[in-house]
Number of protein chains: 2
Amino acid sequence: MPDRIYNFAAGPCTLPLPALEEAQANFVNYKNTGMSLFETSHRSTTYDDIHMGAIQLLRDVYHIPETHKIIMLGGGATLQFTMIPMNFLGEGKFAEYVNTGTWGTKALKDAQIIGDAREIATGKDSNFMNIPKDYTVNQDAAYLHITTNNTIKGTQLHEMPDAGNVPIIADMSSDFLSRPVDWSKIGMAYGGAQKNLGPAGMAVVIIRDDMMEKANKNLTAYMRYDIHASKYSMYNTPPMFPIYMMNLVLEWVRDNGGLEQMDKNADERCGILYDIIDEYGDYYSCPVAKEDRSRMNVAFRLPTEELEKKFVAEALERGMSSLKGHRSVGGCRASLYNAMPIEGAEKLGRFMLKFMAANPK
Amino acid sequence: MPDRIYNFAAGPCTLPLPALEEAQANFVNYKNTGMSLFETSHRSTTYDDIHMGAIQLLRDVYHIPETHKIIMLGGGATLQFTMIPMNFLGEGKFAEYVNTGTWGTKALKDAQIIGDAREIATGKDSNFMNIPKDYTVNQDAAYLHITTNNTIKGTQLHEMPDAGNVPIIADMSSDFLSRPVDWSKIGMAYGGAQKNLGPAGMAVVIIRDDMMEKANKNLTAYMRYDIHASKYSMYNTPPMFPIYMMNLVLEWVRDNGGLEQMDKNADERCGILYDIIDEYGDYYSCPVAKEDRSRMNVAFRLPTEELEKKFVAEALERGMSSLKGHRSVGGCRASLYNAMPIEGAEKLGRFMLKFMAANPK
């Protein structure tokens, strides 16, 4: 295996090499403190600089206005499926959910255990191969919940729905920090860190102040966004490693053209693959509705399952890993997060052409 | 600063150097996979070996019987303050809490938001400088909650209370894996990892099968111990870094005499400091009731606050860090977790004697 391969995993996924190298260099003796960062008190100034720096850098890079607070906490996006209805679905309230796949289904199911959560649209009839857009949001709803990108199916919402005055709560786990967001439309965005932000082990929540004010206050401490926000995500010992790594990843984003360049790169990378899929549609095919194709996760099929297996295996031999599709979908999937170099997509594209030539159907 | 100092922080805290060095060596290119471990799918065999290995190794080293399941999940011990009453304090039930300080108070407060949680004993009158032991457990209680060690005050429970048939739920965050446990008495033990187990970012829960069966099933997925257990803590993307580091720490414990040696070392380390405190009681003093002194966190005072400041500063110059007491207690505190070498306690002991000689009161 080469020292560094192109890793197309859906998350946890490829991270910027300079961030990894800096973490390695400082791992045992953090900047000459005589200890590792992970042995340092989370109340130390050494750690505090990283922690507060990560919050500020995310705000800067992602252009998050002061109307929204940034919270980092353990439990991943899955814990948010619980915290959201606990906070916003009290007695006499209801929320609306648009179901776009595995993650939307899980979020909805958890919310229905807690309160009146209504599925107003679902892509189930198409096996979630398109994103439902034909619905009207009830203006009495407490919130509208959407999932902006679906790693498993390879679909993505390319435009925020019109929810009127209803606050949108968006699970952005898999397209966080990949494109500009109109934050004025977002009541709360959240996501697991393990795609564009860093390693697994925390969720990032971006929440508008009026949402926190409206939230249920009769909750235990960990469940309350306002407590986490007022303590700058230090109410309890934070997940220091993902926060540290996110800080390094954000520095890399900032130094490599920022959000705007990440956005352009995403178009370029997925364009290379979708162009091949469309041009050689009798060999490669994408099961997803064209207008809903994800820029982050390109799902594609080959003529037979046997060829798909061979494709994945030969790609690995050539230094391109994790191209097998999710077990619930089959086929192949190339995940193209911010840290995937353009060269990775180019190399994969060339391999697709060569493989097709060498393995006629 | 020397490359490696003796770090007496209360947690996050000192970790075994060989574990840190192995993590550093493998950080960017994990065992020649061409990627970092934190870029690897949590469903990969590479990660699975670590994950399942950590669970098995904890079982082996800590002598945990098959009657108990081991769960690793994000959110730290603080999230457990919520999950415990959600699972076990349903309609018509009550639980009893023994309050031994900051963490016991927080656990109780969260439980009272959810259900009928009763404080049956508290050390508040002594400012938590002793552990209350004079109480009887109501045999109708759903559980008895205790905190076995208190980092802030420097107290420790040296014998499990007699709870009769009531299951004990023990927050063992700060003395996890420091002494043998009679697991037959424990319904559930839990703790944040960031003391004897590894870095911050997860809780470890050890739970008896009958507790999971009794738990409330009408909960969201993340809140359910049975779901985490049945998925081997892979229901959602796990906090991979603390799990990986815990595995390395456990290998170090196993290779250095196991739990029994950790237990002996704890006695030896704290003995060095308490002996000095007792012998020179007109200079050093320990505010904690003698029978309740912690083996993990040795709290002590000097004759004046000025001398305490000087002591902490001069110790740091000599390569011994983080000796300042918690802001709510003042004075000094030396935390002596498993990874603290005996030599660290010896060096601190010598410094205490020299400092006293050089700075008469």
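Throughout, residues of each chain are indexed from 1 in the direction in which the sequence is written. To read the labels, note that chains go from A and ligands from 1, taken in the order they are written. The model is predicted, so local features are restricted to residues of pLDDT at least 70 and side-chain atom pairs to those at 80 or more, both for listing and for counting; the totals for chains, interfaces and linings are taken over all residues.

A.B. asks: Would you explain the overall build of chain A in this entry?
C.D. replies: Within chain A one finds ten helices and 13 strands. For 361 residues, the compact-globule estimate of 2.2 N^0.38 gives 21 Å, and the C-alpha radius of gyration of chain A, at 21 Å, lies within 12% of that figure. The principal-axis extents of the C-alpha atoms in chain A amount to approximately 65 × 55 × 30 Å. Counting all 361 residues of chain A, 55% fall into the buried class. Note on contacts: residues are paired as contacts if their backbone-placed C-beta atoms lie within 7 Å. Put simply, of all contacts in chain A between residues at least 6 apart along the chain, 67% involve residues at least 24 apart. Starting at the N terminus, helices and strands are each numbered in turn, a helix being any DSSP run of H or I of at least four residues and a strand any DSSP run of E of at least two. Radius of gyration here uses only the C-alpha atoms, and the compact-globule reference equals 2.2 Å multiplied by the residue count raised to the power 0.38. Residue burial here comes from a neighbour count, namely the number of other C-beta atoms, placed from the backbone, that lie within 10 Å of the residue's own C-beta, with 20 or more meaning buried, 12 or fewer meaning exposed, and in between meaning partly exposed.

A.B. asks: How should I be thinking about the sheet that holds strand β4 (residues 116-122) of chain A in this particular structure?
C.D. replies: As a general point, the strands of a sheet are linked pairwise by backbone hydrogen bonds and lie either parallel or antiparallel. Residue and element names in this part refer to chain A. Overall, mixed pairing links the seven strands, which are arranged β2-β10-β9-β8-β5-β3-β4 in an open sheet. A strand with exactly one partner marks an edge of an open sheet, and here the two such strands are β2 (68-73) and β4. Adjacent strand axes in the sheet meet at a mean angle of 20°, parallel and antiparallel pairs treated alike. Pairing between two strands is assigned when DSSP locates at least 2 bridges connecting them. As defined by bridge partners, strand β8 (residues 168-171) adjoins strand β9 (residues 186-192) across four bridges and the pair is classed as parallel. What sits directly across from Ile168, in β9, is Ile186. Here, axes are lines fitted to C-alpha atoms. For helices the fit covers the stretch in contact, and angles between N-to-C directions go from 0 to 180 degrees.

A.B. asks: Whenever I open this one, the relation of the copies chain B and chain A confuses me. Can you help?
C.D. replies: Between the two copies of the chain lies a rotation about an axis combined with a shift along it. Superposing the copies works by least squares over the C-alpha atoms of residues that have pLDDT at least 70 in both of them. The two copies are related by a screw motion: chain B maps onto chain A through a turn of 180° and a shift of 0.0 Å along the axis, at an RMSD of 0.0 Å. Classification of the inter-copy transformation places it as that of a two-fold axis. Both copies share a contact surface, since 98% of the interface residues of chain B are interface residues in chain A too.

A.B. asks: For this particular structure, what's the right way to read the interface of chain B and chain A?
C.D. replies: Reports often express the size of an interface as the amount of accessible area lost when the parts come together. At the interface, 59 residues of chain B touch 59 residues of chain A. Contributing elements (two or more residues each) for the side of chain B that touches chain A: α1 (17-25), α3 (76-88), α4 (102-114) and α7 (240-255) of chain B. Take the side of chain B that touches chain A: its biggest share by element is five residues, from α3(B). Of the residues belonging to the side of chain B that touches chain A, the class tally is 27 nonpolar, 26 polar and six charged. Under this grouping Gly is polar, as are all residues other than the nonpolar Ala, Val, Leu, Ile, Met, Phe, Trp, Tyr, Cys and Pro and the charged Asp, Glu, Lys and Arg.

A.B. asks: Would you mind showing me how to read the domain arrangement of chain A here?
C.D. replies: Residues and elements named next belong to chain A. Domain delimitation follows an automatic or database domain assignment. What the domain assignment reports for chain A is domain 1 (18-255) and domain 2 (257-358). Computed from C-alpha coordinates alone, the two centres of domain 1 and domain 2 are separated by 27 Å. Opposite the 24 residues of domain 1 that make contact, domain 2 presents 23 residues. Of all the elements in the fold, those that place two or more residues in the side of domain 1 that touches domain 2 are α2 (45-62), β6 (149-150), β7 (155-156) and α7 (240-255).

A.B. asks: So what exactly am I meant to see when it comes to the packing of α2(A) against α7(A) here?
C.D. replies: Packed helix pairs are specified by the crossing angle of their axes together with the interaxial distance, meaning the distance between the axes. All names here are of chain A. Where α2 meets α7, the closest approach of the two axes is 9 Å, and the angle between their N-to-C directions is 45°. In terms of axis orientation, α2 runs oblique to α7. The two elements α2 and α7 cross, and the hand of that crossing is left-handed. Residues Tyr47, Ile50, His51, Gly53, Ala54, Leu57, Leu58 and Val61 of α2 lie in contact with α7, whose contacting residues are Met240, Ile243, Tyr244, Met246, Asn247, Leu250, Glu251, Val253 and Arg254. By residue class, the composition of the contact of α2 with α7 is twelve nonpolar, three polar and two charged. Each angle is binned into one of four classes, with values under 35 degrees roughly parallel, values over 145 roughly antiparallel, values of 65 to 115 roughly perpendicular, and all other values oblique. Crossing handedness is defined as follows: a turn of the near helix away from the far one that is anticlockwise and smaller than a right angle gives a left-handed crossing, while the clockwise case is right-handed.

A.B. asks: Sorry, what's going on with the sheet that holds strand β10 (residues 203-208) of chain B here?
C.D. replies: Residues and elements named next belong to chain B. Taking strand neighbours across the sheet as the criterion, the seven strands line up as β2-β10-β9-β8-β5-β3-β4 in an open arrangement whose pairing is mixed. Where the open sheet ends on each side, the last strands, each with one partner, are β2 (68-73) and β4 (116-122). Pairs of neighbouring strands in the sheet enclose a mean axial angle of 20°, with direction left out of account. Across six bridges, strand β3 (residues 94-99) lies against β4 in parallel orientation.

A.B. asks: Help me understand unusual backbone geometry in this model?
C.D. replies: Peptide bonds are trans in most cases, and residues, glycine excluded, mostly fall at negative phi. Cis geometry marks the peptide bond from Gly11(A) to Pro12(A), where omega comes out at -5°. Unlike most non-glycine residues, Ser233(B) shows phi in positive territory, near 60°. Here Ser233(B) is to be found in the loop between α6 (225-230) and α7.

A.B. asks: How should I be thinking about the pairing of strand β13 (residues 332-335) of chain B in this particular structure?
C.D. replies: Residue and element names in this part refer to chain B. Taking every second residue as pointing to the same face, both faces of β13 are buried, with Cys332 and Ala334 on one and Arg333 and Ser335 on the other. The pairing of strand β11 (residues 297-300) with β13 spans four bridges and is antiparallel. Counted as the bridge partner of Phe300 is Cys332 from β13.

A.B. asks: I keep staring at the packing of α1(B) against α7(B) and nothing clicks. Help me out?
C.D. replies: All names here are of chain B. Where α1 meets α7, the axes come as close as 8 Å, and the angle between the chain directions of the two elements is 135°. As the angle between them shows, α1 and α7 are arranged oblique. When the axes of α1 and α7 are compared, the crossing they make is right-handed. Taking contact as the criterion, the partners of Pro18, Ala19, Glu22 and Ala23 in α1 are, on α7, Met245, Leu248, Val249 and Trp252.

A.B. asks: Would you explain helix α2 (residues 45-62) of chain B in this entry?
C.D. replies: At 3.6 residues per turn, the α-helix brings residues three or four places apart onto the same side. Residues and elements named next belong to chain B. One less than the residue count of a helix, multiplied by 1.5 Å, gives the span that helix is expected to have. Its 18 residues place the ends of α2 25 Å apart at the C-alpha level, agreeing with the 26 Å of an ideal helix rising 1.5 Å per residue. Within the sequence span of α2, burial applies to Tyr47, Ile50, His51, Ala54, Ile55, Leu58 and Tyr62. Each element contacted by the buried residues of α2 is listed here: β2, α7 and α8 (258-279). Trailing α2 by a residue or two, His63 shows a phi angle of about 55°, which is positive.

A.B. asks: Would you mind showing me how to read the pairing of β2(A) here?
C.D. replies: Two faces, one strand: in a regular strand the side chains alternate between the faces of the sheet. All names here are of chain A. When you tally the buried positions in β2, you get five out of six residues, the bulk of the element. With six bridges connecting them, β2 and strand β10 (residues 203-208) associate as antiparallel partners. Among the inter-strand pairings, Ile70 is bridged to a residue of β10, identified as Ile206.

A.B. asks: Honestly, helix α8 (residues 258-279) of chain A in this entry has me stumped. Any pointers?
C.D. replies: All names here are of chain A. Across its 22 residues, α8 extends 32 Å between first and last C-alpha, which sits within 8% of the 32 Å expected from 1.5 Å per residue. If you look at α8, its biggest bend is around 30°, right at Gly271. Those residues of α8 that sit buried are Met262, Asn265, Ala266, Arg269, Cys270, Ile272, Leu273 and Ile276. Check the buried side of α8 and you find it contacts α7, β11 (297-300), β13 (332-335) and α10 (342-358). Across the chain, bend at a residue is computed as the angle between axes fitted to the seven residues ending at that point and the seven starting from it.

A.B. asks: I would appreciate a short explanation of the environment of Met83(A) in the present structure.
C.D. replies: All names here are of chain A. Residue position: Met83 is located in helix α3 (residues 76-88). Classification of Met83 by C-beta neighbours within 10 Å gives buried; the count is 26. Sequence spacing of Met83 and Asp134 is 51 residues, and the spatial spacing of their C-alpha atoms is 28 Å.

A.B. asks: Where do I start with the environment of Cys270(B) in this structure?
C.D. replies: Residue and element names in this part refer to chain B. Residue position: Cys270 is located in helix α8. Between the C-alpha atom of Cys270 and that of Arg293, which follows or precedes it by 23 residues, the distance is 9.5 Å. Contact partners of Cys270, with chain neighbours within four places excluded, come to Arg295, Val298 and Leu336.

A.B. asks: What am I meant to see in the environment of Arg4(B) here?
C.D. replies: Note on placement: Arg4(B) falls in the segment before β1 (6-7). Each C-alpha atom of the pair Arg4(B) and Glu306(B) lies 28 Å from the other, and the pair is 302 residues apart in sequence. Those residues within four positions of Arg4(B) in sequence are excluded, and the remaining contacts are Asn29(A), Gly34(A) and Leu17(B).

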